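Commentary on secondary and tertiary structure
Here is what each chain is made of, one letter per residue.
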Amino acid sequence: GVTANLPSSTSRLPPLDDSHLITSTAGEVPRIIYHEESVTLIALQEKIGGEDRIRNVIIHADKLATHGLVLEISNAVLAAGYDVAWATEPATGSK
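Definitions and cut-offs
- Per chain, residues are indexed from 1 in the order of the written sequence.
- Local features in a predicted model are, by the rule used here, given only for residues with pLDDT of at least 70; side-chain atom pairs are given and counted only at 80 or more, and totals for whole chains, interfaces and linings are based on all residues.
- Working from all heavy atoms in the structure, the side-chain values ignore hydrogens and water.
- Lines fitted to the C-alpha atoms define the axes, with helices restricted to the stretch that makes contact. Angles between their N-to-C directions range from 0 to 180 degrees.
- Each helix corresponds to a stretch of at least 4 residues labelled H or I by DSSP, and each strand to a stretch of at least 2 residues labelled E; elements are numbered beginning at the N terminus.
- Here is the rule for angles: anything less than 35 degrees is roughly parallel, anything more than 145 is roughly antiparallel, 65 through 115 is roughly perpendicular, and the remaining ranges are oblique.
- Rotating anticlockwise by less than a right angle from the far helix to the near helix defines a left-handed crossing, while the corresponding clockwise rotation defines a right-handed one.
- Contact definition: two residues touch when any of their heavy atoms are within 4.5 Å.
- Asp, Glu, Lys and Arg are counted as charged, while Ala, Val, Leu, Ile, Met, Phe, Trp, Tyr, Cys and Pro are counted as nonpolar; the rest, among them Gly, fall into the polar class.
- Residues enter a nonpolar core if they are buried and are Ala, Val, Leu, Ile, Met, Phe, Trp, Tyr or Cys, with the set joined through side-chain atoms within 4.5 Å.
- Each residue is placed in one exposure class: buried if its accessible area under a 1.4 Å probe, protein chains only, is under 20% of its type's maximum, exposed if it is over 50%, and partly exposed if it falls in between.
- Salt bridges are counted wherever a side-chain nitrogen of Lys or Arg sits within 4 Å of a carboxyl oxygen of Asp or Glu.

1. Points about the packing of helix H1 (residues 41-48) against helix H2 (residues 67-79)
In the contact formed by H1 and H2, the axes pass within 9 Å of each other and the chain directions differ by 25 degrees. In terms of axis orientation, H1 runs roughly parallel to H2. Judged by the sense of rotation from one axis to the other, the crossing of H1 with H2 is right-handed. Where H1 approaches H2, its residues Leu41, Leu44, Gln45 and Ile48 are matched on the opposing element by Glu72, Ile73 and Ala76. Among the residues making up the contact of H1 with H2, the classes are represented as five nonpolar, one polar and one charged.

This is the structure we're talking about:
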């Protein structure tokens, strides 16, 4: 799998057991990973659409990924009718 250095947050959401996973990496050539497959933003838009009983997507965006790329991924997911959650790590000292 792909590892993303997630940002921290003191807020907690309930777990979403049935979810699609999208990872966005940072770096000179950032990558978008959808179900363990490296895809372009256009390919993601094509793959994410369609009939699917799972309506949740968790975005694992590296904390150094560009804000623009994370928003483009989020917008593609929302436009396809999915609910979006962004994965974070617990902030230091949070429970």
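2. Concerning the nonpolar core
Ile22, Ile32, Leu44, Val57, Ile73 and Val77 are the most contacted members of the largest nonpolar core, which has 17 residues in total. Listed by contribution, the elements that provide at least two residues to this core are strand S3 (32-34), H1, strand S5 (56-61) and H2. Those residues in contact with Ile22 that lie beyond four places of it in its chain are Ile32, Ile33, Tyr34, Leu44, Val57, Ile58, Ile59, His60, Ile73 and Val77.

3. Points about the environment of Asp17
As for its position among the elements, Asp17 is in the loop between strand S1 (8-9) and strand S2 (20-24). Here Asp17 falls in the exposed class, since its relative accessible area comes to 73%. Residues Asp17 and Asn56 lie 39 residues apart in sequence; the distance between their C-alpha atoms is 9.1 Å.

4. Here's the deal with the pattern of salt bridges
In the structure shown here, the tally under the stated rule is two salt bridges. Of the charged contacts in the structure, one is a salt bridge between Arg53 and Asp18, with a shortest N-O distance of 3.6 Å. Of the two residues, Arg53 is situated in the loop between H1 and S5 and Asp18 in the loop between S1 and S2; the sequence distance between them amounts to 35 residues. As a salt-bridge pair, Glu37 and Lys47 come within 3.4 Å of each other at their nearest N and O atoms. Of this pair, Glu37 sits in strand S4 (residues 37-39) while Lys47 sits in helix H1, placing them 10 residues apart in sequence. For Glu37, a relative accessible area of 38% corresponds to the partly exposed category. The exposure class assigned to Lys47 is partly exposed, which follows from its relative accessible area of 38%.

5. Focus on the environment of Ala65
Tracing the backbone shows Ala65 in the loop between S5 and H2. Its relative accessible area of 13% is what places Ala65 among the buried residues. When the C-alpha positions of Ala65 and Thr25 are compared, they lie 5.8 Å apart, and in sequence the two are 40 residues distant. Discounting chain neighbours no more than four positions away, the residues touching Ala65 are Ser24, Thr25, Ala26 and Val70.

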